[in-house]
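Observations on the three-dimensional arrangement
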Amino acid sequence: PRPSFRAALSLLVSGVAGSAAPVMLTVAGSDSGGGAGIQADLKACEALGVFGTTALVALTAQNTLGVHAVHPVPAAFVRAQIDAVLGDIG
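These lines cover the structure that appears in this document, whether it is placed above or below. (Residues numbered from 1 in each chain as written. Predicted model: local features only at pLDDT ≥ 70, side-chain atom pairs only at ≥ 80, totals over all residues. Heavy atoms only, no water.)

**Topic: the pattern of salt bridges**
The condition that has to hold: What makes a salt bridge here is a side-chain nitrogen of Lys or Arg within 4 Å of a carboxyl oxygen of Asp or Glu, nothing more. Helix numbers and strand numbers start at the N terminus; a helix is a DSSP run of H or I with at least 4 residues, a strand a run of E with at least 2. Accessibility here uses a 1.4 Å probe with only protein chains present; expressed as a share of the type maximum, an area under 20% marks a residue as buried, one over 50% as exposed, and anything in between as partly exposed.
By the definition in use, this model includes one salt bridge. Among the ionic pairs, D83 bridges to R79, the shortest N-O distance being 2.9 Å. Of the two residues, D83 and R79 are both situated in helix α3 (residues 75–88); the distance of four residues between them amounts to about one turn of the helix. Like D83, the residue R79 is buried in the burial classification.

What follows is the structure, encoded as structure tokens:
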């Protein structure tokens, strides 16, 4: 059965089969400048020894001067990303 959206979002840390590293699912936007969003979350995961997984909710065109464009990801595709991660890794 498919996990609920709430269950997917509440998945923060669990074990990966065959791995001692905890897993974190981050649901966030992508920052093309690399300083925030999914990119920053994955850097934090690595620093903490956590295996980071992601579900993108928006793509951005941004840099240190600001956000220049945003492309939202359709909700059904966000759900598909979460389902894929939970169905295998988490």
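**Comments concerning helix α2 (residues 37–48)**
Put simply, the test is: A helix's residues, less one, multiplied by 1.5 Å, set its expected span.
For α2, which comprises twelve residues, the first-to-last C-alpha distance of 17 Å matches the rise-based estimate of 16 Å (1.5 Å per residue) to within 8%. Backbone geometry just downstream of α2 places G49 in the positive-phi region, at approximately 75°.

**Considerations on the pairing of strand β3 (residues 51–63)**
The line we're drawing: Pairing between two strands is assigned when DSSP locates at least 2 bridges connecting them.
Here strand β2 (residues 22–30) runs beside β3; their pairing, made up of eight bridges, is parallel. Paired with A28 across the strands is L56, a residue of β3. With antiparallel pairing between neighbouring strands as the criterion, β3 and strand β4 (residues 66–72) make up a hairpin whose turn holds two residues.

These values are about where atoms sit, not about what they do.
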